[in-house]
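# Inside the fold
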Amino acid sequence: MFKSESFEIHCLRDTRWMIETSIGSQSEAEAFARKMLEKKDVLGVKVVRERKGSSGNTSESVVFTKVKEKKEEKVMVTPVDSAPLCEESADCYGVASRLVLSRLFRQYLDKQNITPMEVMHNYREFKRLQDSDSLMTSAIGMLATLQAQADGAMNATQRRDTLYKFLKEMSDRVREIESTPLPSIKLLGADETLRKIAPKAGEDKGNAEFLFRAAVSRDLIDIRNFVGKLDRALMWADDSQDEGAAQLLDDFVCDVLGAAEVVQELLGDQPNLFAAISRLLDLAEGKWDAPPPGAVPASADGPKAAAAQAAVEAEEDRAIKIGRLIVGGKLPNTGRVLMERVRQQLMGANPLVRSDPEQEVPSFRQLMDRLLPENGPILGGTDMVEALVQRKSRILNKGGAGGFRAAAGWIAMVMLNPARKARFCIALTQTASGKQYSNEAYGLIDDLFVRVESIADIAKARVPPNERMAAITQVWNEFRAAPIQLDYVERVCGRLDELLVHYIKAERILEKIDDPGRPLRLRTMMLMKLCLPTSLPPGKASDLARAIIVEKLKRPNFEGEVVADLADPNEKAKAQRDIFMLMRQAGFM
């Protein structure tokens, strides 16, 4: 017999069971538990009966339990802001299209632990996605609307019909090969798999690539975690000696890196967004450095320390391998995908250094200097310029046309290299914001390169005259190759030429070079170097120097006079060869 009994009501909140109260009646306890289950933060309830015997012993038993069913969140498409225009269904397999598909279907792909490339090359997975509620319908509708808006002449309904046509063609293609025996890359490796597939594909290289990707998908489909897929694809690419096979595997690496969890695994814990973006750039450029030996958490010791060190080394080895394969040319598109993630992070609203707002501008400047290098192309292209301007607009807390102009002006202002400044301004005109605010974008170019008084307003660094003129010539060359309207290019280049003419005359450059007190040889060579494409652009400024040279070339005994200051016959012959080489380079021959 028991002496007393009571009923404890336990509630599950998050992952912990906690005693809520105790009631003497089982029916009242169960009624109270049901009432508690109605609360949003309570995930489950149970009633525990506690009995005390006459001998003092206590026994417990659960007499009632109920846990809320975990509601699965509805999987939806993720909105995107742009999408490339595919001309045929084959274009949908390209990296630019898959980047968009990866973002569109991110929730679905993460839930299934699968990549776009696997879906496209496995009919069962393709059909499953098609049958997943209204995902495909929503995605096609969104893409059709976006593409129609980007191309004013396109009709959204007609574009939607075209996309459905592409979808059917892709579905038919993957269904046709569903029962086709294909070699296993897991057993044979990438190179041998591609060789064995070639006879099945016939003359069509595209068909061979499709079958190869299908074979890879069949071996990856059973690995239901993204990091495992990444490791396998990297191993196959690293082992491959066939450039074509390795670059086909690049598609799978790209798709896996679309999953945020994989990028997090690669980067590890970072103190802030600035550090994370910097490491992403390291990875994309193959500059990832291995950690020093013994770089384990301070709290780890003994077996835990060894396990932690092994984990660190495994992660670093993976990142180093990606960087090495990017630099080696085996993963050309992986670097592009990583740059796209950098762009997305810059476009986001999170601060670069949340814990120290004073570091926001210096951190932005460091990223800007890295993405817009002194020489060479802009990393990430015009899309990255758009992201930088958007980020700077948020830092300035200004929107609209004024915010765009202020942000772009600030970025241009901190650049000392005129050619770098020109590359930025030209790229700015090709961005979405630059097209929306074209008056501001072209107005910035006018302010920096047209509405100026002298070349000193453009090339501000204190350098010798030849370097200053060469800097303006670099700007001229940037605009001459720019993808903007020719009449505007002519206007900017014409103004630059006028500025050079004014500078040459005001500074008496030609008179100083053609000083009669100098040997004719030196004067001629200096004037010819001034006519090189890297010194002065074709135009009025170059013509000033060319006119002087032409007059010298007209001398009856020019070849002899030009080396008259030299006595040694060998030196004379060498000097004449050097002059004739300069004449060819400068366009006189």
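Quick caveat, the model's predicted, so the values are computed rather than measured.

The next thing to look at is the overall build of the protein. Each helix and strand counted, the protein has 29 helices and four strands in total. The C-alpha radius of gyration of the protein comes to 34 Å, more than 25% above the 25 Å expected for a compact globule of 589 residues. Viewed in the frame of its principal axes, the protein has a C-alpha envelope of about 135 × 65 × 60 Å. Within the span of the protein, comprising 589 residues, buried residues form 47% of the whole. On the protein, roughly 30,200 Å² of surface is accessible, and the fraction owed to carbon and sulfur atoms is 51%.

Further remarks concern the pattern of salt bridges. Taken as a whole and assessed by the stated rule, the structure comprises 41 salt bridges. Arg98 is paired through a salt bridge with Asp251; the nearest N and O atoms lie 3.5 Å apart. Within this pair, whereas Arg98 is found in helix 2 (residues 95–104), its partner Asp251 is found in helix 12 (residues 243–256), the two being separated by 153 residues in sequence. Considered together, Arg98 and Asp251 belong to a single accessibility category, that of buried residues. Of the charged contacts in the structure, one is a salt bridge between Arg103 and Glu340, with a shortest N-O distance of 3.1 Å. Of this pair, Arg103 sits in helix 2 while Glu340 sits in helix 16 (residues 332–347); the two residues are 237 residues apart in sequence, bridging distant segments of the chain. There is no split in this pair, since Arg103 and Glu340 are both buried. Linked by salt bridges that have partners in common, Arg279, Asp282, Glu285, Lys287 and Arg370 make up one network.

What follows deals with the packing of aromatic side chains. Inspection of the entire model under this criterion finds five aromatic pairs. Between Phe364 and Trp410, the aromatic rings sit 5.9 Å apart at their centres with planes inclined by 55°, giving tilted as the arrangement. Here the residue Phe364 occupies a position in helix 17 (residues 360–371), and Trp410 occupies one in helix 19 (residues 400–413), the gap between them amounting to 46 residues. Exposure class is identical for Phe364 and Trp410. Each is buried. Judged by centre distance (5.5 Å) and plane angle (40°), the rings of Phe404 and Tyr437 are tilted. Within this pair, whereas Phe404 is found in helix 19, its partner Tyr437 is found in the loop between helix 21 (432–436) and helix 22 (438–450), the two being separated by 33 residues in sequence. The exposure class of Tyr437 is buried, given its relative accessible area of 19%.

What counts and what doesn't
Residues numbered from 1 in each chain as written. Predicted model: local features only at pLDDT ≥ 70, side-chain atom pairs only at ≥ 80, totals over all residues. Heavy atoms only, no water. Helix = DSSP H or I, 4+ residues; strand = E, 2+ residues; numbered from the N terminus. Rg over C-alpha atoms; globule rule 2.2 N^0.38 Å. Buried < 20%, exposed > 50% of the residue type's maximum accessible area, 1.4 Å probe, protein only. Areas by Shrake-Rupley, 256 points an atom, 1.4 Å probe, with all protein chains shown as cover. Salt bridge = Lys/Arg side-chain N within 4 Å of Asp/Glu carboxyl O. Phe/Tyr/Trp six-rings, centres within 6.5 Å; stacked < 30°, edge-to-face > 60°.

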